[in-house]
Structure formats: structure tokens, C-alpha cells
Amino acid sequence: MKRMYHYATVSKALDQLNEKGFTCDFNRNADMIKKNPEKFEIVHVYRYEGDSDPGDEAVVYGIKSTTGKKGVYVAGFSADSDQETAKFLFDLSIRGR
């Protein structure tokens, strides 16, 4: 069951996930997910929307693997963010519904 939360900041969302054991940084290990998408499930989604600048928008994913590894991925909406991985995770979250 996936839940969506709203927090004031991305760091608050990351703190909450960290307390729940989501300690792996999937931004650094995105290839693990891309190569084996069937082994991962998005269990939490935290959306952060910038009040003044739409470029501040971000989504924080809490991701769990079939091996029990739990981690986070932060997808930003700025021009320099990893759009390929962000789209991939969005597709993964849709599939998990």
C-alpha cells in the first residue's frame, strides 16, 4: 500500500524516511532499479511543491527492494535533474497501484 504525504521540506521527508529505515541513496544507485525494476516497489511518495518557484518542486520516493533494502530517491523538476530516472520511477509507481 502506497501512501502520499506532504511535508514542508524535502529534508523533513528524508528525515521521516530515514527514521523508518530507508537509508540507501537510490539517486547514487539508480542503475540498480533501472536494471531490475521488478525487484523494487515504491512504498512512500512525498511531494514537495515550491511556493514561489515551480523549479523547487520535488518528489521523494521511499523504495523497497525484494531483498529488503530500503532507500530513497529524490526526483526534482528542475532542468538539470535526471529526467530519465524520474520518469522511470513515475512509471514504476503507476504500475504498483
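Nothing here was measured: the structure is a model prediction, and the numbers come from that model.

## Points about the pattern of salt bridges
Reasoning step 1: Under the counting rule described, the total for this entry stands at one salt bridge.
Reasoning step 2: Notably, a salt bridge pairs Arg-28 with Asp-25, separated by 3.4 Å at the nearest N-O pair.
Reasoning step 3: Exposure remark for Asp-25: the relative accessible area of 30% places this residue in the partly exposed category.

## Thoughts on the packing of aromatic side chains
The geometry of an aromatic ring pair is captured by the separation of the ring centres together with the interplanar angle, meaning the angle of the planes.
Reasoning step 1: One pass over the full model with this rule turns up one aromatic pair.
Reasoning step 2: Seen in terms of ring centroids, Phe-26 and Phe-40 are 5.6 Å apart; in terms of plane orientation they differ by 85°. Their pairing is edge-to-face. Taken together, the positions of Phe-26 in the loop between strand 2 (24–25) and helix 2 (30–35) and Phe-40 in strand 3 (residues 40–48) put the pair 14 residues apart, joining distant regions of the chain.
Reasoning step 3: Here Phe-26 falls in the buried class, since its relative accessible area comes to 0%.
Reasoning step 4: Judged by its relative accessible area of 10%, Phe-40 falls in the buried class.
Reasoning step 5: A cation over a ring is seen here: Lys-70 above Phe-22, with NZ or CZ 4.9 Å from the ring centre.

## Some remarks on the pairing of strand 5 (residues 70–76)
Reasoning step 1: For strand 5, a buried count of five out of seven residues is recorded, marking the element as mostly surrounded by other parts of the structure.
Reasoning step 2: Count of turn residues in the strand 4 (residues 58–65)/strand 5 antiparallel hairpin: four residues, of which Gly-68 carries a positive phi of about 95°.

Definitions and limits used
- Residues numbered from 1 in each chain as written.
- Predicted model: local features only at pLDDT ≥ 70, side-chain atom pairs only at ≥ 80, totals over all residues.
- Heavy atoms only, no water.
- Salt bridge = Lys/Arg side-chain N within 4 Å of Asp/Glu carboxyl O.
- Buried < 20%, exposed > 50% of the residue type's maximum accessible area, 1.4 Å probe, protein only.
- Phe/Tyr/Trp six-rings, centres within 6.5 Å; stacked < 30°, edge-to-face > 60°.
- Helix = DSSP H or I, 4+ residues; strand = E, 2+ residues; numbered from the N terminus.
- Lys NZ or Arg CZ within 6 Å of the ring centre and 35° of its normal.
- Pairing = 2+ DSSP bridges.

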